Amino acid sequence: MAEELSFPTGIGTSDPTTISLLGQDLAGDLMGKVGFGELAYWLVAGRRPTQGEVRVFEAVLVALADHGFTPTAIAARLTYLSAPESLQGALAAGLLGGGSRFLGVTEDCGRFLADTLAEAGEVTDYDAVALDAVTRAKQERRLVPGLGHPVHKEQDPRTPVLIRIATEEGLHGPHLRLFEAIGRVHPQVLGRTLPLNGAGVCGAALADLGLPVEMLRGFALLARAAGLLGHLAEERRRPLGMDIYRSVDRNAVYEP
């Protein structure tokens with residue numbers, strides 16, 4: 001007798017009459033009752049979030065949805081120009097650009113903070129821990145993720161708002177505290193003052209929610225997918241891709 005195959009999953013299954021998701025009846029228990037942000041958190045964390053956690057999590061998603069004509073948005077628009085029959089290709093092209101300079105900072109910062117806290121053990125002085133972390137990063141010629149922004153030179157407007165929301169919900173935890181401490185102490189190490197950027201504060205807030213740092217870039221991409229879809233919808237209504245392409249092509253200069 002052939003051995004029965006079994007593929008265990010805690011995500012979802014279906015049969016001819018029902019769809020199950022996270023142990024709930026999708027049609028009866030979730031649709032119209034659970035928001036998409038809450039569901040995304042639940043899918044990854046494996047537990048239903050509190051309303052405070054949902055508020056912080058969705059604030060992160062909103063903060064990361066769009067930042068204008070970033071390389072990710074331009075890549076999506078130009079791919080759509082080249083292959084308008086492939087919306088999925090254009091969306092994927094934009095998401096593939098989420099790396100260490102754009103979007104990926106969310107995960108990089110969360111990981112930096114988590115590793116620093118793990119090494120420090122019980123923290124009583126966040127400024128001292130931050131000072132040591134920034135000093136070592138400088139000595140090793142590594143960037144401190146979450147510091148600096150190409151547009152917001154003085155303050156990223158997202159940062160204080162997300163910290164306030166997390167505080168209001170009782171979710172201002174060690175990662176955010178360490179991130180704020182880095183903001184206070186880094187000038188004495190680097191010799192200049194840089195803003196705490198939005199991607200970094202989002203990584204700190206997500207880590208304080210207990211979400212695995214290895215998954216934080218995925219949340220940034222989830223948020224940016226909505227922004228990219230908006231760019232592609234606008235590209236259909238008011239095309240800019242051809243102008244972007246022509247401005248580069250017509251000004252290209254051959255230099256051997």
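See above for the structure.
Before going into details, it helps to say that this report is about the structure given with it. Since we're looking at a predicted model, the values are computed, not measured.

Some details on the overall build of the protein chain
Within the protein chain, the regular secondary structure consists of 12 helices and 3 strands. With the principal axes as the frame, the protein chain shows a C-alpha extent of 65 × 55 × 40 Å. Counting across all 256 residues of the protein chain, residues that qualify as buried make up 42%. In the protein chain, 72% of the contacts between residues at least 6 apart in sequence involve partners at least 24 apart. Each charge sign in the protein chain was given a centre, from 24 positive and 31 negative side chains, and these centres are 8 Å apart.

Structural notes on a nonpolar patch on the surface
There is a patch of nonpolar side chains on the surface, built from I11, L43, V44 and M215 and spanning about 290 Å² of accessible area. Its place among the elements puts M215 in the loop between α10 (198–208) and α11 (216–237). On the accessibility criterion, M215 (40% relative accessible area) is partly exposed.

Regarding the packing of helix α8 (residues 158–168) against α10
Contact geometry of α8 with α10 gives a least axis separation of 8 Å together with a crossing angle of 15°. The orientation of α8 with respect to α10, classified from their angle, is roughly parallel. Where α8 crosses over α10, the two elements pack in a sense that is right-handed. The residues of α10 that touch α8, namely those facing R158, T159, L162 and I163, are G198, A199, V201, C202 and A205. Of the residues assigned to the contact of α8 with α10, the class counts are 6 nonpolar, 2 polar and 1 charged.

Here's the deal with the packing of aromatic side chains
Each aromatic ring pair is characterised by the separation of its centres together with the angle its planes make. Counted according to the given criterion, the structure contains 2 aromatic pairs. When the centroid spacing of 5.5 Å and the interplanar angle of 90° are considered together, the rings of Y41 and F57 count as edge-to-face. Separated by 16 residues along the polypeptide, Y41 in helix α2 (residues 36–45) and F57 in helix α3 (residues 51–64) bring together distant segments of the chain. Accessibility classification places Y41 together with F57 in one group, the buried group. Ring geometry for F57 versus F219: centroids 5.2 Å apart, planes at 90°, classification edge-to-face. On the criterion of sequence distance, the pair formed by F57 in helix α3 and F219 in helix α11 is long-range, its members being 162 residues apart. According to the relative accessible area criterion, F57 is buried, its value standing at 0%. Residue F219 is classed as buried on the basis of its relative accessible area of 4%.

Quick look at the nonpolar core
Within the largest apolar cluster, 51 residues are counted, with the highest numbers of intra-cluster contacts made by F57 and I182. Looking at this core, the elements that each hand over two or more residues are α2, α3, α6 (105–120), α7 (126–139), α8, α9 (174–190), α10 and α11. Excluding anything up to four places from it in sequence, F57 contacts G37, A40, Y41, L206, L209, L211 and F219.

Topic: the packing of α6 against α11
Between α6 and α11, whose axes approach to 7 Å, the crossing angle comes to 155°. As the angle between them shows, α6 and α11 are arranged roughly antiparallel. Along this stretch, α6 crosses α11, giving a crossing that reads as right-handed. Residues T106, E107, D108 and G110 of α6 pack against L216, R217 and A220 of α11. Tallied by class, residues from the contact of α6 with α11 come to 2 nonpolar, 2 polar and 3 charged.

What counts as what
- Residues numbered from 1 in each chain as written.
- Predicted model: local features only at pLDDT ≥ 70, side-chain atom pairs only at ≥ 80, totals over all residues.
- Heavy atoms only, no water.
- Helix = DSSP H or I, 4+ residues; strand = E, 2+ residues; numbered from the N terminus.
- Buried < 20%, exposed > 50% of the residue type's maximum accessible area, 1.4 Å probe, protein only.
- Contact = heavy atoms within 4.5 Å.
- Lys, Arg positive; Asp, Glu negative; His and termini not counted.
- Charge placed at Lys NZ, Arg CZ, Asp CG, Glu CD.
- Patch = residues over 30% accessible without salt bridge, like charges linked within 9 Å, V, L, I, M, F, W, Y side chains within 5 Å.
- Areas by Shrake-Rupley, 256 points an atom, 1.4 Å probe, with all protein chains shown as cover.
- Salt bridge = Lys/Arg side-chain N within 4 Å of Asp/Glu carboxyl O.
- Axes fitted to C-alpha atoms, helices over the stretch in contact; angles between N-to-C directions.
- Parallel < 35°, antiparallel > 145°, perpendicular 65-115°, else oblique.
- Left-handed = near helix turned anticlockwise from the far one by under 90°.
- Nonpolar A, V, L, I, M, F, W, Y, C, P; charged D, E, K, R; others polar.
- Phe/Tyr/Trp six-rings, centres within 6.5 Å; stacked < 30°, edge-to-face > 60°.
- Core = buried A, V, L, I, M, F, W, Y, C linked by side-chain atoms within 4.5 Å.

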